[in-house]
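What follows is the residue order along each chain.
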Amino acid sequence: MNIVNSSKVQKKTKKVNMIKIAPYLFIGPAVIYIFAATIIPIIMALPISFTNWSALTPDKKFVGIDNYQKLIYDKDFWNSCLITVKFFVFVPLVMLVSLGTAVILNVKLRGIKFFRVIFYSPVITSTIAVALLFEWFYQPSFGLFNNILNFFGLAGIGWVNNASTAVMSVIIFKIWKDFGIGMLIYLAGLQDVPGEIKEAASIDGATAWQKFIYITMPMLRPAHIYLLITNIIGVFMIFQETYMLKGPLNSTRSVINYIYDKGFSSAEMGYACAMSFVLFLIVMTVTLVQYKATKMDLL
Amino acid sequence: MKNNNARKIYFKIILYLLILIITVIVAFPFLWMILSSFKELSEFYNVPPTFLPEKFNLDNYRELFSRGQFGVYYLNSILVTSIQVVTSILIDLAAGYGFAKYQFKYRNGLFLMVLSSTMIPWVATIIPLYILVSNLKMVDTYWGLILVGMADATFIFLARNFMTSIPTPLLEAARIDGAGELTIFRKIVIPSVKPLIAVIGIQKMISSWNAFQWPLLVVNSDKYRTLPIAIAKLSSQYEDAYDLKMAAAVVAIVPVLVIYILFQKYFTEGISLSGIK
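Residues numbered from 1 in each chain as written. Chains lettered and ligands numbered in written order. Predicted model: local features only at pLDDT ≥ 70, side-chain atom pairs only at ≥ 80, totals over all residues.

**Details of the overall build of chain B**
A tally of helices and strands in chain B yields 14 helices and zero strands. In chain B, the order of α-helices and β-strands from amino to carboxyl end is α-α-α-α-α-α-α-α-α-α-α-α-α-α. Structurally, chain B occupies a C-alpha span of about 75 × 75 × 35 Å along its principal axes. When burial is assessed residue by residue, chain B has 38% of its 277 residues classed as buried. Nonlocal contacts in chain B, meaning residues at least 24 apart in sequence, comprise 76% of its contacts between residues at least 6 apart. (Helix = DSSP H or I, 4+ residues; strand = E, 2+ residues; numbered from the N terminus. Buried ≥ 20, exposed ≤ 12 C-beta atoms within 10 Å, placed from the backbone. Contact = placed C-beta atoms within 7 Å.)

Structure (structure tokens):
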């Protein structure tokens, strides 16, 4: 009797111990991965930015704030910042296209779901691969876009091959590629707008446009804020589009393209790290503002 | 009343027209890409451009896969993607379950760490990560290619939110019946979160398949290249080879499009699961 009892007790304590250990086993791999792939690198980033780390030379020296001083006087860096700022035109444009397509797809028509699938399809494709298409479309002498312009009797333009239109060309490409993300988010928001409010407004004599501006738009506020912030961060991070569609005279070289060139083509990793740390601080500020803004929205 | 009906019909016609125009803008490039991949290079110079290939031939694909080693790149992409999908599902689900259904020390702190890691932009970590990986002698190996991207904090967050809805009494009952913790996870938790697995699996598949920034850094030699890297190289080396470029784009895009259309409900579900509205 006694023996049976004690073995039962033992079994029970073993179980209790398992419950205590099990969660660490479940979260262990993920926590280790995130530590190794994100937390440790971000902690390393600041010290590395104070060195002249390079893949070419084995000896790295502590150089203090030299990299940050260099950054202030680096014309190419500021030029790439300016180009990134130019890309901000993308943000309102893509939001407008997303909202427009969402409003169109929100109407109850037969087979409308099919079009939702089609409109979202560019989002899931590889930016690098689709850029090949646009390279061809933008080709000045036989590309699609100039063919269309010529068809309407207009003169063709240089698109990516011209420094003054290159940024605009990349923005058009990026809108085509990305508008589906915002479209789905706006669509989810539109479906949450209660029909009764609109009906009440109709009875009071509101036009469709008035209903849209005074009822729908304010109710989409969370979607507006979310998309505004993610698109702003997306523009700071623009890389693949400009890696593929390169304008002449570095006219589309964004901050990240420049960091990439410095860090890996000219192997100035310490300097590239300093630049990416500055960018990190900017993006973090934007993200924190987002959190504040959405919190405010929830209250 | 009649007037109103007429207005409704006009409205519908305009709507359909708009939908048609957007459909053409979105879908036409894909369609033309596929058709053009069967064209000869000379046909690309036609003004006005031809829609259907004048002479239908498979030479571009032959060129890619025989001389261009796209077979190797394809296998690399399939290898990296399939391993990362499996590891990501396993690691993210387990972590989501641990965070959702257990009480333990440092739980909130560790979860906050996972959550805040999603806010760190990749560019801030990529140089130190490269230095770490090169210290481990994993640059230009499959290890370097696969290890980074094994799990995703956003999916852990998603899994944790989804799994809080699993009823705890169900798990307790299994425990009283003598089931071990791993058995509970395998036999009760996993079968009840199939939609979550589908969402994570498919989204991870697309993001692994399209991954560019990290593979671009970590891979130097030809034999480890994945499709996006190979395509970027092709584009800079053969600027005017539009015929090859279209075939390469088809090879990278069409499988993803097919999977997307077959499983499209998991994409919209992913957005509603993550609670972004």
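**Some words on the overall build of chain A**
Along chain A, the regular secondary structure elements total 14 helices and zero strands. Along the chain direction, N to C, the helices and strands of chain A fall in the order α-α-α-α-α-α-α-α-α-α-α-α-α-α. Scaling as 2.2 N^0.38, a compact globule of 299 residues should have a C-alpha radius of gyration of about 19 Å, whereas chain A reaches 27 Å, well beyond that. Over its C-alpha atoms, taken along the principal directions, chain A stretches across nearly 100 × 70 × 35 Å. (Rg over C-alpha atoms; globule rule 2.2 N^0.38 Å.)

**Examining the interface of chain A and chain B**
Interface extent is often summarised as the accessible area lost during association of the parts. Between chain A and chain B, the contact holds 71 residues from the first and 71 residues from the second. In terms of residues, the side of chain A that touches chain B owes the most to one element, helix α1 (residues 2-49) of chain A, which gives 21 residues. When its residues are assigned to classes, the side of chain A that touches chain B shows 58 nonpolar, 11 polar and two charged. (Nonpolar A, V, L, I, M, F, W, Y, C, P; charged D, E, K, R; others polar.)

**Thoughts on the nonpolar core**
Formed by 141 residues in total, the largest nonpolar core has its most connected members in A:Ala30, A:Leu132, B:Ala95, B:Ile231, B:Ala248 and B:Ala249. Examining the composition of this core, we find that 12 residues originate from one element, helix α8 (residues 166-191) of chain A, more than from any other. Structurally, this core is a two-domain feature, drawing no fewer than three residues from each of domain 1 (2-36) and domain 2 (67-273) of chain B. Excluding residues within four positions of it along the chain, B:Ile231 makes contact with A:Ile128, A:Ala129, A:Leu132, B:Ala248 and B:Ala252. (Core = buried A, V, L, I, M, F, W, Y, C linked by C-beta atoms within 7 Å. Domains from an automatic or database assignment.)

**Points about the environment of B:Arg225**
Tracing the sequence through the fold places B:Arg225 in the loop between α11 (213-218) and α12 (227-237). Apart from residues no more than four positions distant in its own chain, B:Arg225 is found in contact with B:Tyr73, B:Asn76, B:Val219 and B:Ala230.

**Focus: the environment of A:Ala274**
Residue and element names in this part refer to chain A. Its place among the elements puts Ala-274 in helix α14 (residues 269-298). In this structure Ala-274 comes out as buried when scored by C-beta crowding, with 29 C-beta atoms within 10 Å. Remark: the alpha-carbon pair of Ala-274 and Tyr-186, spanning 88 residues in sequence, is separated by 37 Å. With sequence-adjacent residues up to four places away left out, Ala-274 is seen in contact with Ser-49, Asn-67, Tyr-68 and Leu-71.

**What about unusual backbone geometry?**
Even without a glycine there, the phi angle at A:Leu249 is positive, about 55°. Mapped onto the elements, A:Leu249 comes out in the loop between α12 (240-244) and α13 (255-265). On the basis of neighbour count, A:Leu249 is assigned to the exposed category, with 9 C-beta atoms found within 10 Å. Even without being a glycine, B:Tyr106 presents a positive backbone phi close to 65°. Positionally, B:Tyr106 belongs in the loop between α3 (70-101) and α4 (107-117).

**Here we look at the domain arrangement of chain B**
Residues and elements named next belong to chain B. Looking at the assigned domains, one finds that chain B contains domain 1 (2-36) and domain 2 (67-273). Summarising the inter-unit geometry, the C-alpha centres of domain 1 and domain 2 are found 36 Å apart. Contacts between the two partners involve four residues from domain 1 and, on the opposite side, four residues from domain 2. The class makeup of the residues in the side of domain 1 that touches domain 2 is three nonpolar, one polar and no charged.

**So, the packing of α4(B) against helix α7 (residues 153-163) of chain B**
All names here are of chain B. At a minimum axis distance of 8 Å, the contact between α4 and α7 shows a crossing angle of 130°. If you check the angle between α4 and α7, you find them oblique. Like other packed secondary-structure pairs, α4 and α7 cross with a definite hand, here left-handed. Counting all contacts with α4, which are made through Val-114, Leu-115 and Ser-117, the residues of α7 involved are Ala-153, Ile-156 and Phe-157. (Axes fitted to C-alpha atoms, helices over the stretch in contact; angles between N-to-C directions. Parallel < 35°, antiparallel > 145°, perpendicular 65-115°, else oblique. Left-handed = near helix turned anticlockwise from the far one by under 90°.)

**Quick look at the confidence of the model for chain B**
Residue and element names in this part refer to chain B. Residues at a pLDDT of 70 or more form 95% of chain B, whose mean pLDDT is 90. For chain B, helix α14 (residues 265-273) is the element with the lowest average pLDDT, namely 68, and α3 is the one with the highest, namely 96. Predicted as a complex, the structure gets a pTM of 0.91 and an ipTM equal to 0.91. (pLDDT = per-residue confidence, 0-100.)

**Looking at the packing of helix α6 (residues 127-137) of chain A against helix α13 (residues 242-262) of chain B**
Packing of α6(A) against α13(B) brings their axes to within 8 Å, and their N-to-C directions diverge by 150°. When the axes of α6(A) and α13(B) are compared, the pair comes out roughly antiparallel. For the element pair α6(A) and α13(B), the recorded crossing hand is left-handed. Of the residues in α13(B), those touching α6(A) at A:Ala129, A:Val130, A:Leu132, A:Leu133, A:Glu135 and A:Trp136 are B:Tyr242, B:Lys245, B:Ala248, B:Ala249, B:Ala252 and B:Ile253. Residues belonging to the contact of α6(A) with α13(B) are distributed by class as follows: 10 nonpolar, no polar and two charged.

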